[in-house]
Amino acid sequence: MALQAPAIVDVRTVDAIETSRMLKWLRGIGVRQVRLACGLVMFSYIFSHFFNHALGNISYDTMEAWLRFHVWWWRIPIVNFALYSAATIHFSLGLWALYQRRHFRYTVIEITQLVFGLSIPLLIASHFGIVRLGGLLFGRDPPIYAPPLLAYWVARPYMVGVQFLLLTVAWTHACIGLYFWLRLKPFFKWAAPFLLATAVLLPPSAMTGTNRGAHEVTERALQPQWRAEHIKTVPAPQRSVIDKVTLFYFPIFYGLAIAFVFAARGARAFLEERRDSITVSYPNRRVRVPRGLSILETSLRFNVPHASVCGGRARCSTCRVRVVSYRGALPRPSGREAFVLARVGASANPSIRLACQLRPQSDIAVIPVLPANVDADFVRNRHRVNIGEERYVVSMFIDMRGSTKLAEARLPFDIVFLINRFLEAASQAVVDAGGQPNQFVGDGLLALFGLDVDPATACRQAMRAAAMVASNIEYMNHEFASELQEPIQFGIGIHGGEVIIGDIGFRDHMVFTALGDAVNVAARLQDMTKTLNCIVVVSEDVCNNAGVAPGRLTRTDVSIRGRDQPMTVCTAADATLLAGLLDEQAAPVENEPRPMSAHDPV
């Protein structure tokens, strides 16, 4: 029974981890996430509804067959409650978002979504009245297409245009919202053509299907028996009540709600102007703004270039800034802000904040982390941005010898081809050993080891990579023996130490690299292969960390430019020997007692 305890502990540990993850996810849910979820519920309804319309291209009977399933599903009490709750919450949060927004610097697609979203309630009022309000008030709610189609195409033909306009507006508003959400997902690039085809084809299919179904209903309505079974005229008093609610009272109520939002915005702006303002300092300018604006809103108000792929919805994290002033008076990150920062690996640095969520109450100085011109591809392809981290990394410099001499008797194309083959052979060796090719400078390569492993493993990987580079270049020389007068030569320098790793560059030209003395020393060691008449120079520290036995390599003291004290290094004229030294270190020693196995006799 005692042997079962570790398994129980493991299960409890896993459960605790899963619970912690769930709590973090729940804390990351904000108002916009609730609004998005409600929008998805409504989108599923209109997709099913418009698909139902499109089936009219087959026949009216096909429309009716799907309608029975559509009505059954959406009239299930809990599903029906979810639909109307989602519509109410989505509409209310839309008004709240309109109130919260401090500027109207919308893009064309954003203004289209806003205008269409605000117009949907007015366009849908009459349709809701004839289809659902009559059933709610008077029990007249037959789940068939015939009555509304006949009413629109025969009794009130002008309503056909209104309904098609409603279909277009509602679908466009929903698709724009989905686009803003899905374009940040990794799968969007390959799924975009299929999503676009669906977005473009469904509305006209629904329109033509409805039109064909309406013409079938009109023809069938000429038969008295069919008309008596399927068409029931709405009494004038009931029609009057429905029209008053949908065409008079609701527009007034809706207009008052919109007016109240703008009145509240005006009152807030008036109060903010009377309050003290704060100074927001950017690298190249300072601005004064009312207290309460977010950093991103401040940037937009004063045309300060600032990245924001998601439009300030706390989804993409591209608007994040580094706070370089006193942080003690800043408000703590909200649950959503903390969730997004953790997702991109920036939560450990308290100076990194989301500009769309940070609303300072006192003077603040910030520096945007990302270039202002990043786009959705940047978010899809890179989940984490390296803003700077200190860690032990082994740097390896590999340099091709004699490329200038090769260029004297060859065409430019041939030289570029040979250098690319050399870099390919060296890079493949680095990757196979567990490292990462980092920078290419002319005919040279900087490779990094230890980005995701411990220092000892990184040192062994670097030394094994050097041996594999030698093997790959030897094969390359054999492959091009008939074209090269002399075999391609190279030099390798390896050194490890604490360095800063992060993204360095300007705008689109950002690269991940390592900075520090250890990188510079590795470059110096590679240069020394020429004077020491060897192929590879490895610092003694790397050899010791890799577990290479003392005395297996030639040791010597060298002077490094920029260092006061000499440095002990190990040299090898044949880099392939390094793999054998590592294998010796890994092999078990003969006659060494081995641990007792559970299968050994007692």
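Here goes a summary of the coordinates provided. (Residues numbered from 1 in each chain as written. Predicted model: local features only at pLDDT ≥ 70, side-chain atom pairs only at ≥ 80, totals over all residues. Heavy atoms only, no water.)

**Brief notes about the side chain of R268**
Turning to step 1, where the next piece is worked out: Looking at where R268 falls in the secondary structure, it is placed in helix α10 (residues 236-274).
Turning to step 2, where the next piece is worked out: In terms of polar contacts, R268 uses its side chain to reach the backbone carbonyl oxygen of Y99, at 2.7 Å. (Helix = DSSP H or I, 4+ residues; strand = E, 2+ residues; numbered from the N terminus. Polar contact = N/O pair within 3.5 Å; in protein donor to acceptor, adjacent residues only side chain to side chain.)

**A word on the pairing of strand β11 (residues 536-539)**
Two faces make up the sheet, and in a regular strand the side chains alternate between them.
Turning to step 1, where the next piece is worked out: Of the two faces of β11, the one carrying V536 and V538 and the one carrying V537 and S539 are both buried.
Turning to step 2, where the next piece is worked out: Relative to strand β13 (residues 567-572), β11 runs antiparallel, the two being bridged by 4 bridges. In the strand pairing of β13, S539 is matched with V569. (Buried < 20%, exposed > 50% of the residue type's maximum accessible area, 1.4 Å probe, protein only. Pairing = 2+ DSSP bridges.)

**Overview of helix α12 (residues 335-343)**
Turning to step 1, where the next piece is worked out: Among the residues making up α12, those that are buried are R336, E337, V340 and L341. End-on view of α12: buried residues confined to an arc of 130°, all on one side of the axis.
Turning to step 2, where the next piece is worked out: Phi for G345, located one or two positions after α12, is positive at around 75°. (Arc of directions from axis to C-beta.)

**Looking at the sheet that holds strand β5 (residues 364-368)**
Turning to step 1, where the next piece is worked out: Spatially, β2-β1-β5-β3-β4 is the arrangement adopted by the 5 strands of the open sheet, whose pairing is mixed. Two strands close off the open sheet at either side, each with one partner strand: β2 (286-290) and β4 (352-353).
Turning to step 2, where the next piece is worked out: Pairing between strand β3 (residues 321-323) and β4: 2 bridges, direction antiparallel. From the neighbouring strand, R322 faces β4, where its bridge partner is I352.

**Things to note about the pattern of salt bridges**
Turning to step 1, where the next piece is worked out: Inspection of the entire model under this criterion finds 10 salt bridges.
Turning to step 2, where the next piece is worked out: Put simply, E216 and R220 hold a salt bridge, and the shortest N to O gap is 3.5 Å. Here E216 and its partner R220 are both found in helix α8 (residues 188-220), 4 residues apart, which amounts to about one turn of the helix.
Turning to step 3, where the next piece is worked out: Judged by relative accessible area, which is 17%, E216 ranks as buried.
Turning to step 4, where the next piece is worked out: The salt bridge partner of R359 is E297, with a shortest N-O separation of 3.0 Å. One end of the pair, R359, is in the loop between β4 and β5; the other, E297, is in helix α11 (residues 295-301), with 62 residues separating them in the sequence.
Turning to step 5, where the next piece is worked out: Given a relative accessible area of 11%, E297 falls into the buried group.
Turning to step 6, where the next piece is worked out: Residues joined in a network through salt bridges with shared partners are D61, R212, E216 and R220. (Salt bridge = Lys/Arg side-chain N within 4 Å of Asp/Glu carboxyl O.)

**Focus: a nonpolar patch on the surface**
Turning to step 1, where the next piece is worked out: Together, V241, V245, F248, Y249, I252 and L256 make up an exposed nonpolar region whose accessible area comes to about 560 Å².
Turning to step 2, where the next piece is worked out: Relative to the elements of secondary structure, I252 occurs in helix α10. (Patch = residues over 30% accessible without salt bridge, like charges linked within 9 Å, V, L, I, M, F, W, Y side chains within 5 Å. Areas by Shrake-Rupley, 256 points an atom, 1.4 Å probe, with all protein chains shown as cover.)

**A look at the nonpolar core**
Turning to step 1, where the next piece is worked out: Grouped together as the largest cluster of nonpolar side chains are 50 residues, with contacts concentrated most on M396, I398, F422, F449, M463, I492 and I494.
Turning to step 2, where the next piece is worked out: The biggest single contributor to this core is helix α16 (residues 455-479), with 11 residues.
Turning to step 3, where the next piece is worked out: Each residue touching I492, except ones within four places of it in the same chain, is listed here: M396, F397, I398, A466, V469, Q526, T529, I535, V536 and V537.
Turning to step 4, where the next piece is worked out: One finds V280, A314, C319 and V321 within the second-largest nonpolar core, a separate group that totals 25 residues. (Core = buried A, V, L, I, M, F, W, Y, C linked by side-chain atoms within 4.5 Å. Contact = heavy atoms within 4.5 Å.)

**What about the packing of helix α7 (residues 158-182) against α8?**
Turning to step 1, where the next piece is worked out: α8 packs onto α7 with a crossing angle of 170° between their chain directions and a minimal axis gap of 11 Å. In terms of orientation, α7 lies roughly antiparallel with respect to α8. Along its contact with α7, which presents F164, L167, T168, W171, C175, Y179 and L182, the element α8 presents F188, L195, T198, A199, L202, P203, A206, M207 and T210.
Turning to step 2, where the next piece is worked out: Partitioning the contact of α7 with α8 into residue classes produces 13 nonpolar, 3 polar and no charged. (Axes fitted to C-alpha atoms, helices over the stretch in contact; angles between N-to-C directions. Parallel < 35°, antiparallel > 145°, perpendicular 65-115°, else oblique. Nonpolar A, V, L, I, M, F, W, Y, C, P; charged D, E, K, R; others polar.)

**Quick word on unusual backbone geometry**
Turning to step 1, where the next piece is worked out: Residues other than glycine seldom take positive phi values, yet A314 does so here, at roughly 60°.
Turning to step 2, where the next piece is worked out: With respect to the helices, strands and loops of the structure, A314 is situated in the loop between α11 and β3.
Turning to step 3, where the next piece is worked out: The buried category is assigned to A314, whose relative accessible area is 3%.
Turning to step 4, where the next piece is worked out: Backbone geometry at N533 places phi at a positive 55°, although glycine is not the residue there.
Turning to step 5, where the next piece is worked out: Residue placement: N533 occurs in the loop between α17 (517-531) and β11.

**Comments concerning the environment of H103**
Turning to step 1, where the next piece is worked out: Mapped onto the elements of the fold, H103 is located in the loop between α4 (77-100) and α5 (108-138).
Turning to step 2, where the next piece is worked out: Note on H103: relative accessible area 10%, which makes it buried.
Turning to step 3, where the next piece is worked out: If near-sequence neighbours (up to four positions away) are discounted, H103 is found in contact with R265, E297 and L300.

**Topic: the side chain of Q526**
Turning to step 1, where the next piece is worked out: Tracing the chain through its elements places Q526 in helix α17.
Turning to step 2, where the next piece is worked out: Exposure remark for Q526: the relative accessible area of 6% places this residue in the buried category.
Turning to step 3, where the next piece is worked out: Ignoring anything within four residues of it in the chain, the contact list for Q526 reads F397, D399, R401, G491, I492 and G493.

**Some points on the packing of aromatic side chains**
Turning to step 1, where the next piece is worked out: Counting across every chain of the model gives 17 aromatic pairs.
Turning to step 2, where the next piece is worked out: When the ring of F43 is compared with that of W171, the centres are 5.4 Å apart and the planes differ by 25°; the resulting orientation is stacked. Residue F43 is found in helix α2 (residues 31-54), and its partner W171 is found in helix α7; the two are separated by 128 residues along the sequence.
Turning to step 3, where the next piece is worked out: Given the relative accessible area of 19%, F43 is considered buried. (Phe/Tyr/Trp six-rings, centres within 6.5 Å; stacked < 30°, edge-to-face > 60°.)

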